[in-house]
Amino acid sequence: QVQLVQSGGGLVQAGGSLRLSCAASRRTFNAMGWFRQAPGKEREFVGAITRDDTTVYADSVKGRFTASRDNTKNTAYLQMNSLKPEDTAVYYCARSRALSGDSDSRYYDSWGQGTQVTVSS
């Protein structure tokens, strides 16, 4: 496993932007995923990025969120634009067991500590 430390997040008005970071304790060639969990709801897939920058997103964030990674810094990012109140949740980064990204959280073996994102209307 690898240790993942998240940063970023916070409170923003609707239409605003935030960027989340996820720093890994060592180099990883596996895909990195992003998930979120709102109060009273199950954790849901947000997006994922492979080592060669292939990305996949949930329909709810497509066109607004962008996953990226800097392999020289062992860090993944989630740029969130045009935020909506329904984006409010705790966001988690995770490392996939495989090179490809997947929307199923069972395929991820290391998780960040989570960071709160709150979007006010």
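Look above for the structure.
Numbering of residues starts from 1 in each chain and follows the order in which that chain's sequence is written. pLDDT decides what is reported in this predicted model: residues at 70 or higher carry local features, side-chain atom pairs at 80 or more are listed and counted, and totals for whole chains, interfaces and linings draw on all residues regardless. With hydrogens and water stripped out, all remaining heavy atoms of the structure feed into the side-chain values.

Chemist: Just checking my understanding: could you explain the sheet that holds strand E3 (residues 18-24) for this structure?
Modeler: Two orientations exist for strands paired in a sheet by backbone hydrogen bonds: parallel and antiparallel. With antiparallel pairing, four strands are arranged side by side in an open sheet as E1-E3-E8-E7. Each edge of the open sheet is held by one strand with a lone partner, namely strand E1 (4-8) and strand E7 (65-70). When strand polarity is set aside, the average angle formed by the axes of neighbouring strands in this sheet is 15°. One ladder, built from six bridges, connects E7 with strand E8 (residues 75-80); its direction is antiparallel. In the strand pairing of E8, serine 68 is matched with tyrosine 77. Two strands make a pair as long as DSSP finds a minimum of two bridges between them. A helix here means a DSSP run of H or I that spans at least four residues, while a strand means a run of E at least two residues long, and both kinds are numbered starting from the N terminus. Think of each axis as a best-fit line through the C-alpha atoms, taken over the contacting stretch in the case of a helix, with angles from 0 to 180 degrees between the N-to-C directions.

Chemist: What am I meant to see in the pattern of salt bridges here?
Modeler: When their charged atoms lie close together, side chains carrying opposite charge are able to pair. Any carboxyl oxygen of Asp or Glu that lies within 4 Å of a side-chain nitrogen of Lys or Arg is treated as forming a salt bridge with it. Per the stated rule, a full pass over the model turns up six salt bridges. Its salt-bridge partner being aspartate 109, residue arginine 95 comes within 2.9 Å of it at the nearest N-O pair. On the criterion of sequence distance, the pair formed by arginine 95 in strand E9 (residues 89-96) and aspartate 109 in strand E10 (residues 108-111) is long-range, its members being 14 residues apart. Relative accessibility under 20% of the residue-type maximum defines a buried residue, over 50% an exposed one, and the middle range a partly exposed one, all with a 1.4 Å probe and only protein chains included. Looking at aspartate 109, the relative accessible area reads 18%, which means it is buried. Each of the salt bridges in this network shares a partner with another, and the network as a whole consists of Arg36, Glu44, Arg64 and Asp87.

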